[in-house]
Structures are given as C-alpha cells and as structure tokens.
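Structural overview for review
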2 protein chains.
Amino acid sequence: MREFILRASKAFTSDFNLNDLPGAGRMDLVCRCISSALWVSNDLRRDARIFVVLEGPPSPPRTIVFDGKDLKGVSPDERNIASHIKIALRKGLDLKLNEEREVSPGIKIAKKSFESLIKEKCKERQVFYLHPEGKDIRDIKMKENVAFIVGDHIGIPRKTEKLMERLKIQKVSLGKKIYLASHAIVITNYELDRRFE
Amino acid sequence: MREFILRASKAFTSDFNLNDLPGAGRMDLVCRCISSALWVSNDLRRDARIFVVLEGPPSPPRTIVFDGKDLKGVSPDERNIASHIKIALRKGLDLKLNEEREVSPGIKIAKKSFESLIKEKCKERQVFYLHPEGKDIRDIKMKENVAFIVGDHIGIPRKTEKLMERLKIQKVSLGKKIYLASHAIVITNYELDRRFE
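Below you will find a few notes about this structure. Treat the numbers as computed from the prediction; the structure is a model and nothing was measured. Position numbers for residues count from 1 along each chain, tracking the sequence in the order it is written. Lettering of chains starts at A and numbering of ligands starts at 1, both following the order in which they are written. Thresholds applied to this predicted model are a pLDDT of at least 70 for local features of residues and 80 or more for the giving and counting of side-chain atom pairs; totals over whole chains, interfaces and linings are not thresholded and use all residues. The side-chain numbers reported here are obtained from all heavy atoms of the structure, hydrogens and water having been left aside.

Contact between two residues is taken to exist if any of their heavy atoms lie within 4.5 Å; hydrogens are not considered. Opposite the 34 residues of chain B that make contact, chain A presents 34 residues. Summed over both partners, the accessible area (1.4 Å probe) lost when two parts come together is defined as the buried area. Here chain B meets chain A over a buried area of about 3,100 Å², counting both sides, of which 52% is carbon and sulfur. Among the residues of chain B in contact with chain A, Lys177, Tyr190 and Arg194 of chain B are the three that bury the most area, contributing 19% of the side total. Salt bridges are defined by distance alone: a side-chain nitrogen of Lys or Arg within 4 Å of a carboxyl oxygen of Asp or Glu. Across the pair Glu191 of chain A and Arg138 of chain B runs a salt bridge whose closest N-O atoms are separated by 3.5 Å.

Before going further, it helps to spend a moment on the sheet that holds strand β1 (residues 2-8) of chain A. Residues and elements named next belong to chain A. Pairs of strands are assigned from DSSP output, requiring at least two bridges between the strands. Counting from the N terminus, the helices are DSSP H or I runs at least four residues long and the strands are E runs at least two residues long. Spatially, the eight strands line up as an open sheet ordered β6-β7-β5-β4-β1-β9-β8-β10, and their pairing is mixed. Edge positions in the open sheet fall to β6 (100-104) and β10 (170-173), since each of these has one partner strand only. With strand direction ignored, the average angle separating the axes of adjacent strands in the sheet is 30 degrees. Bridge analysis of β1 against strand β9 (residues 146-151) gives six bridges, and the strand direction is parallel. Each residue of the ladder has a partner; that of Arg7, found in β9, is Gly151. Each axis is a line fitted through C-alpha atoms, taken for helices only over the stretch in contact, and angles between the N-to-C directions span 0 to 180 degrees. Strands in contact with helix α1 (residues 27-38) are β1, β4 (48-54) and β5 (62-67); relative to β4, the strand with the most contacts, it is inclined by about 165 degrees. In the packing of helix α3 (residues 114-124) onto the sheet, the strands contacted are β1, β4, β5, β8 (126-136) and β9, and the crossing angle to β1 comes to about 165 degrees.

This part takes up the sheet that holds strand β1 (residues 2-8) of chain B. All names here are of chain B. With respect to topology, eight strands assemble into an open sheet ordered β6-β7-β5-β4-β1-β9-β8-β10, the strand pairing being mixed. Unpaired on one side and paired on the other, β6 (100-104) and β10 (170-173) mark the two borders of the sheet. Averaged over all neighbouring strand pairs, the angle between strand axes comes to 30 degrees, with direction disregarded. As judged from the seven bridges shared by β1 and strand β4 (residues 48-54), these two strands associate in the parallel manner. Looking at β4, one finds that Ala8 is bridged to Leu54. The strands that helix α1 (residues 27-38) touches are β1, β4 and β5 (62-67); relative to β4, the one it contacts most, it runs at about 165 degrees.

The next thing to look at is the pattern of salt bridges. Residues and elements named next belong to chain B. All told, the structure shown has 52 salt bridges over all chains when counted by the stated rule. We note a salt bridge from Asp193 to Arg45, for which the minimum N-O separation is 2.9 Å. Here Arg45 lies in the loop between β3 (43-44) and β4 and Asp193 lies in helix α5 (residues 181-196), a separation of 148 residues in the sequence. Of the residues examined, Asp193 reaches a relative accessible area of 5% and is grouped as buried. Buried means the residue's accessible area, taken with a 1.4 Å probe over protein chains only, is under 20% of the maximum for its type, while exposed means over 50%, and partly exposed covers the values in between. Owing to a relative accessible area of 3%, Arg45 belongs among the buried residues under this scheme.

It is worth spelling out unusual backbone geometry at this point. For the bond from Pro57 of chain A to Pro58 of chain A, the omega torsion is 5 degrees, close enough to zero to count as cis. We note that Arg26 of chain B has phi near 60 degrees; this positive angle belongs to a residue other than glycine. Mapping Arg26 of chain B onto the fold places it in the loop between β1 and α1. With relative accessibility at 22%, the residue Arg26 of chain B sits in the partly exposed group. Here Asn98 of chain B, not a glycine, exhibits a phi torsion of approximately 70 degrees, which is positive. Note that Asn98 of chain B resides in the loop between α2 (78-91) and β6. For Asn98 of chain B, a relative accessible area of 45% puts it in the partly exposed group.

This brings us to empty space enclosed by the protein. The rule is simple: put a 1 Å grid over the protein atoms alone, call a set of points where a 1.4 Å probe fits but cannot get out a cavity, call an open set with protein on both sides within 12 Å along at least five of seven lines a pocket, and count a residue as lining if it has an atom within 4 Å of a point. Grid points are joined across faces, edges and corners, and a volume is the space filled by probe spheres set on the points. Scanning all chains against the criterion turns up two cavities of 30 Å³ or more. Lining the largest cavity are 15 residues, and of these Arg79 of chain A together with Leu18, Leu21, Glu78 and Arg79 of chain B lie nearest its centre. Elements with a contribution of two residues or more to the lining of the largest cavity: α2 (78-91) of chain A together with α2 of chain B. Broken down by class, the residue content of the lining of the largest cavity amounts to six nonpolar, two polar and seven charged. In terms of lining, the second largest cavity is formed by 14 residues, of which the most central are Arg32 and Ser36 of chain A together with Arg32, Ser36 and His183 of chain B. At the level of secondary structure, the elements contributing two or more residues to the lining of the second largest cavity comprise α1 and α5 (181-196) of chain A together with α1 and α5 of chain B. Taken together, the residues that form the lining of the second largest cavity break down as three nonpolar, eight polar and three charged. When residues are sorted by character, Ala, Val, Leu, Ile, Met, Phe, Trp, Tyr, Cys and Pro go into the nonpolar class, Asp, Glu, Lys and Arg into the charged class, and all the rest, Gly among them, into the polar class.

For a regular strand, side-chain orientation follows a simple rule: the groups alternate between the two sheet faces. In this structure, β6 of chain B lies alongside strand β7 (residues 107-110) of chain B, joined through four bridges in antiparallel fashion. Each residue of the ladder has a partner; that of Glu102 of chain B, found in β7 of chain B, is Lys108 of chain B.

This paragraph deals with a positive patch on the surface. Residues and elements named next belong to chain A. On the surface, Lys119, Lys123, Lys162 and Arg166 cluster together into a patch of positive charge. At the level of elements, α3 and α4 (158-166) are the ones that each hand at least two residues to the positive patch. With respect to the element layout, Lys119 can be found in helix α3. A residue is classified by how much of its surface remains accessible, and Lys119, at 42% relative accessible area, is partly exposed. Like-charged residues within 9 Å of one another, or nonpolar side chains (Val, Leu, Ile, Met, Phe, Trp, Tyr) within 5 Å, are grouped into patches, provided each residue has over 30% relative accessible area and no salt bridge. Under the convention used here, a 1.4 Å probe and the Shrake-Rupley method define accessible areas, while residue burial counts only the protein chains that appear. When charges are counted, neither His nor the chain ends are considered; positive counts come from Lys and Arg and negative counts from Asp and Glu. Charged side chains are reduced to one point each, which is NZ for Lys, CZ for Arg, CG for Asp and CD for Glu.

A few words now on the packing of α1 of chain A against α5 of chain A. Residues and elements named next belong to chain A. Put simply, α1 and α5 touch, their axes get as near as 8 Å, and they point 10 degrees apart. The orientation of α1 relative to α5 falls into the category roughly parallel. Mapping the contact onto sequence places Leu29, Arg32, Cys33, Ser36 and Ala37 in α1 and Ala181, Ser182, Ile185, Val186 and Asn189 in α5. Residues belonging to the contact of α1 with α5 are distributed by class as follows: six nonpolar, three polar and one charged. Throughout this description, any angle smaller than 35 degrees is read as roughly parallel, any larger than 145 degrees as roughly antiparallel, any in the 65 to 115 degree range as roughly perpendicular, and the remainder as oblique.

Structure representation (structure tokens):
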C-alpha cells in the first residue's frame, strides 16, 4: 500500500466555485495531486491512497481521503475530482475533532490536522518527506508499505518540519529539478513501480 | 530542446464548453499533457515544446504548439490551458493546409496533419514513440534534442504506426505499467532530467 499526504495550506474548507479552482486556494493543484496518485491507464491504482489536508478558510483543518481500492465513478479531470471534494466538504461541515465520515465509495472526510495525521502514519508505516534537499529516492531503501508527504506551492511550515524531524521522517529527493506537487507524485509512483513490479 | 507530440484523436477542432472538457473529445487529457510537458515548480521548461494534433470534429486537423520558451500568462490548471486552446481554435478557423499562425506569445496553430508533422520532425531530430512494447527508456541512447510521440486514450491507428515504422521511429517504454498520457510525459521529462542535468 502506497500513501501520499498532501498539505494544501490554502485550500478552501467550505463551498467553492468549480469554475475557479485556482481561486479556491489552489484547489486545481489538489485535484491534480489526487489524479496523479491514483490513476493509471484505464484503471485506478488499487494499492494507493491519498490524504489531502485542507487548511484554508473558513474551517480548517479538513482531511479528505481518496482510496483507490474502493473509489467509483470519479474521473481524472480536475473539475470532476473537485466536484467530489465539494460534496465531501458539505457532508463534513459538522464534524467534531478527529471524527471521520464516509462520503461515497472510497472517499472519506475527517476533521484532523496534518500533525495528527503524520503522527498516526509514523506508527503504522515508513514515512518519507519529498524535499529537494533529501537523499536521492534511487538510493533509499524502502518497503512497499510507505507514505510520502508532499508540500504544496507554499511548502511545509518550519514548525511542522521540526515535528517531522522529531518523528524521524526522512527527506527524499527526486533529483536536481524541483517539480510541481502533482508531478512529484507521478514520479514517486513511477519510481516505486520500477522498484517493485 | 525536448518536444512532445500528442495525437488527440477526438479533441474538438472548434468551440467547446470550458465546463465540460472531457465532453470536448477529452480536452481535459490534452490540457494535462500540456501542463506535464512544460511546467516545473515556479517556472516553465524553457527548453520544451508540445505539439497537440487535434483530430476531432468539425474541421480536423489542427495542430497547436505550446512553446515553453515564449509562453506567458498561462497557468497549469486544465481550465486555463483550455481557454487558450479555445482562443487558438477560433483564430485558426480559416487556416489553409499547412499554414501556421501565431496566436499569442508561445502559442501557434496550424492546419497540419499528424503524419506531416512527424515526417518533418524526423528530418530535424531523433523521434521516439512512447509505447508499452518499446525498449526500456533507461536502456536507450538519446540526445538532448529529441521528440516523443504520445498516443491518447485511443492510441495511434495501425496505418500511422506503419508510417512510423517506415520512418524508423523507435518505440520506447517506461516500464511494465501503462500510464495516462499526461503521466507518461511527466515521467519522460523526469528521465531526461536525470540523464542530462
């Protein structure tokens, strides 16, 4: 099982306009990351899951999970994915802290912070942080059961990076170039495909 | 200079609805491929260019070029890229065969077929065809000055594949998995980054 954890610092946590995804705190970026994590040609990656922690206004945090194992009726285009996020946010309006709710097959929403989520993940699997200063992914030992943390266009705040250091989350790089978050996810999936298939 | 050539078998060649890109002959796929070819974090790939041959109704073919060297004012989200394709198609309505027109900085449209385009490309650079049955990209000798042909969700027709064989265009694969066209472009860019940077 591969997992991706995206911190979307500005992504809206209530209703937004499907005709302006960049204006909804870069919801376009969020949708592309989901598509990159889960889709292959004519199928979904049944062994992959992506957690998106939305931290924008008005009621952060909200963590939405798209799980390739159970997902149905979703297309890889930004607008379609965004429409599912919209529904999830609406259904998760009254969540209590750390409560989780199933929205539709393969989609869940929780009121959970990024920090709580990564602490949980560190107990159950190897967690890496995709970062240009990390060790080259091609030189890293890893299991198939892993999670990768991905920052958005703003990046992870220093305070949270310190927590990640305490949790011994290792930084991993994809080479010299710095990629869009969604492309970094495609490349990470590809490097794992090359290694394990 | 890296080039990508996408054959978009069903993509509309006249006006379309920005709220339904999949319904415009999978214009969503076209937009994602453009974004994958040209964007990196906070910048464009100034050494990359993508040709999209639109072959859908009502007046195929139309070939649109997005050139990272000159592109300005375009964002990597599907809707924004689609809005530029819409403008290009409108400005290219009255093109004569093989005529080319500049639409805005870094965007041109021509009435040119996929077959004419690849014949031209073979005269000026190494051309590869991304295909699951090809030789592994990691085992292939290539120069920095290359072009990659990418099929869409439908693929390249047998007749055109035969032309490609006559032109000695080599098939290249990205491993065992079959990827979305846009992801295949991200991975190809990544493999070239690893090799040349």
